[in-house]
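Topology and contacts: notes
Here is what each chain is made of, one letter per residue.
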Amino acid sequence: ARLVVLVSGSGTNLQALLDAIGDDPAAYGAQVVAVGADRDGIAGLERAERAGLPTFVCRVKDYGTREEWDAALAGATAAYEPDLVVSAGFMKIVGKEFLARFGGRCVNTHPALLPSFPGAHGVRDALAYGAKVTGCTVHFVDDGVDTGPIIAQGVVEIRDEDDEAALHERIKEVERRLLVDVVGRLARNGFHIEGRKVVIQ
Ligand code: GRF
């Protein structure tokens with residue numbers, strides 16, 4: 001399967017996929033064909049360049065309207081003919097055009113146990129709430145914010161001494177393994193979505 005990975009930051013989830021694929025994409029069942037971002041100058045793009053991958057950047061401020069940005073992101077992604085799009089720390093909400101093309105084959109990873117703590121500060125919100133466990137969720141992207149059908153989740157304990165950074169790092173250790181496992185299974189086995197249920201063959 002051809003993967004386009006979308007990033008906005010350090011790209012450690014992207015790196016985990018690249019490391020898992022290594023030099024044997026056939027064994028993993030997928031290869032990353034391009035990496036897209038919503039901003040320049042991030043480590044995620046450097047990781048892609050180091051891996052010799054094509055990259056593209058679609059910045060919201062370069063477009064007159066959000067819809068134009070969404071259409072540009074969809075077009076730039078479609079140019080690489082992905083079978084699956086992986087939003088790995090991509091911090092923008094995609095819109096109608098993007099979902100028209102990739103809905104049902106775009107997965108996102110979120111650092112909390114959805115439906116708890118959706119949005120851009122899931123780690124901070126769980127900590128502030130006083131939750132005792134949190135974790136990460138890999139789900140299909142739909143037209144909501146972190147509301148699509150859940151594929152897999154991993155649980156991470158919250159410790160008394162945790163601050164946001166320490167907790168997020170511990171979540172990311174689980175998240176990277178979960179994402180690599182899920183993307184590989186989706187790619188190798190095929191899948192279908194029945195309402196809120198994801199069936200991986
Ligand atoms: C991940 O925890 C992702 O769930 C969240 O931001 C983090 C991105 O990490 N949205 P990285 O860019 O993959 O290192």
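Residues numbered from 1 in each chain as written. Predicted model: local features only at pLDDT ≥ 70, side-chain atom pairs only at ≥ 80, totals over all residues. Heavy atoms only, no water.

1. Notes on the overall build of the protein chain
Counting secondary structure elements, the protein chain contains seven helices and nine strands. Relative to the compact-globule value of 17 Å for 201 residues, the protein chain shows a C-alpha radius of gyration of 16 Å, a close match. Each principal axis of the C-alpha distribution contributes one length, and for the protein chain these read about 45 × 40 × 40 Å. Scored against the burial criterion, the 201 residues of the protein chain give a buried share of 48%. For the protein chain, the share of sequence-separated contacts (at least 6 apart) that also reach a separation of at least 24 residues comes to 61%. Summed over its atoms, the accessible surface of the protein chain is roughly 9,400 Å², and 50% of this surface lies on carbon and sulfur atoms. Taken as two groups, the 22 positive and 29 negative side-chain charges of the protein chain have centres that lie 1 Å from each other. (Helix = DSSP H or I, 4+ residues; strand = E, 2+ residues; numbered from the N terminus. Rg over C-alpha atoms; globule rule 2.2 N^0.38 Å. Buried < 20%, exposed > 50% of the residue type's maximum accessible area, 1.4 Å probe, protein only. Contact = heavy atoms within 4.5 Å. Areas by Shrake-Rupley, 256 points an atom, 1.4 Å probe, with all protein chains shown as cover. Lys, Arg positive; Asp, Glu negative; His and termini not counted. Charge placed at Lys NZ, Arg CZ, Asp CG, Glu CD.)

2. Brief notes about the nonpolar core
The biggest cluster of nonpolar side chains holds 43 residues, and the ones touching the most others in it are Val32 and Val183. Examining the composition of this core, we find that nine residues originate from one element, helix H7 (residues 164-189), more than from any other. The residues touching Val183, leaving out its near neighbours within four places in the chain, are Leu3, Leu17, Tyr28, Leu84, Val86 and Val107. By size, the runner-up hydrophobic cluster in this structure holds 19 residues, among which are Ala34, Ala74, Phe90 and Cys106. (Core = buried A, V, L, I, M, F, W, Y, C linked by side-chain atoms within 4.5 Å.)

3. Examining the UniProt feature "site: Raises pKa of active site His" (unreviewed entry) in the protein chain
Taking the numbering used here, the UniProt-annotated feature "site: Raises pKa of active site His" (unreviewed entry) corresponds to Asp146. With respect to the helices, strands and loops of the structure, Asp146 is situated in the loop between strand S6 (133-140) and strand S7 (150-157). At a separation of 3.4 Å, a polar atom in the side chain of Asp146 contacts the side chain of His110. (UniProt positions renumbered as here; feature names shortened; annotations may be inferred. Polar contact = N/O pair within 3.5 Å; in protein donor to acceptor, adjacent residues only side chain to side chain.)

4. Observations regarding the packing of aromatic side chains
Applying the stated criterion to the full structure yields five aromatic pairs. Residues Phe56 and Tyr80 carry aromatic rings whose centres are separated by 6.0 Å and whose planes lie at 10° to one another, so their mutual orientation is stacked. Of this pair, Phe56 sits in strand S3 (residues 55-57) while Tyr80 sits in the loop between helix H4 (66-78) and strand S4 (84-87), placing them 24 residues apart in sequence. Accessibility expressed as a relative area gives 9% for Phe56, which makes it buried. Using a relative accessible area of 23% as the deciding quantity, one classes Tyr80 as partly exposed. Ring centres of Phe98 and Phe102 lie 5.0 Å apart, and the angle between their planes is 50°; this geometry places the pair in the tilted category. Note that Phe98 and Phe102 are positioned in helix H5 (residues 96-102) at a spacing of four residues, about one turn of the helix. For the pair shown, Phe98 and Phe102 are each scored as buried. (Phe/Tyr/Trp six-rings, centres within 6.5 Å; stacked < 30°, edge-to-face > 60°.)

5. Side note on the UniProt feature "active site" (unreviewed entry) in the protein chain
According to UniProt, the positions carrying the feature "active site" (unreviewed entry) are His110. In this structure, His110 sits in strand S5 (residues 106-110). Taking the relative accessible area as the measure of exposure, His110 reaches 3% and is therefore buried. Here His110 is in contact with Phe117, Pro118, Gly119, Gly122, Gly135, Cys136, Thr137, His139, Asp146 and Glu175, once residues within four sequence places are set aside.

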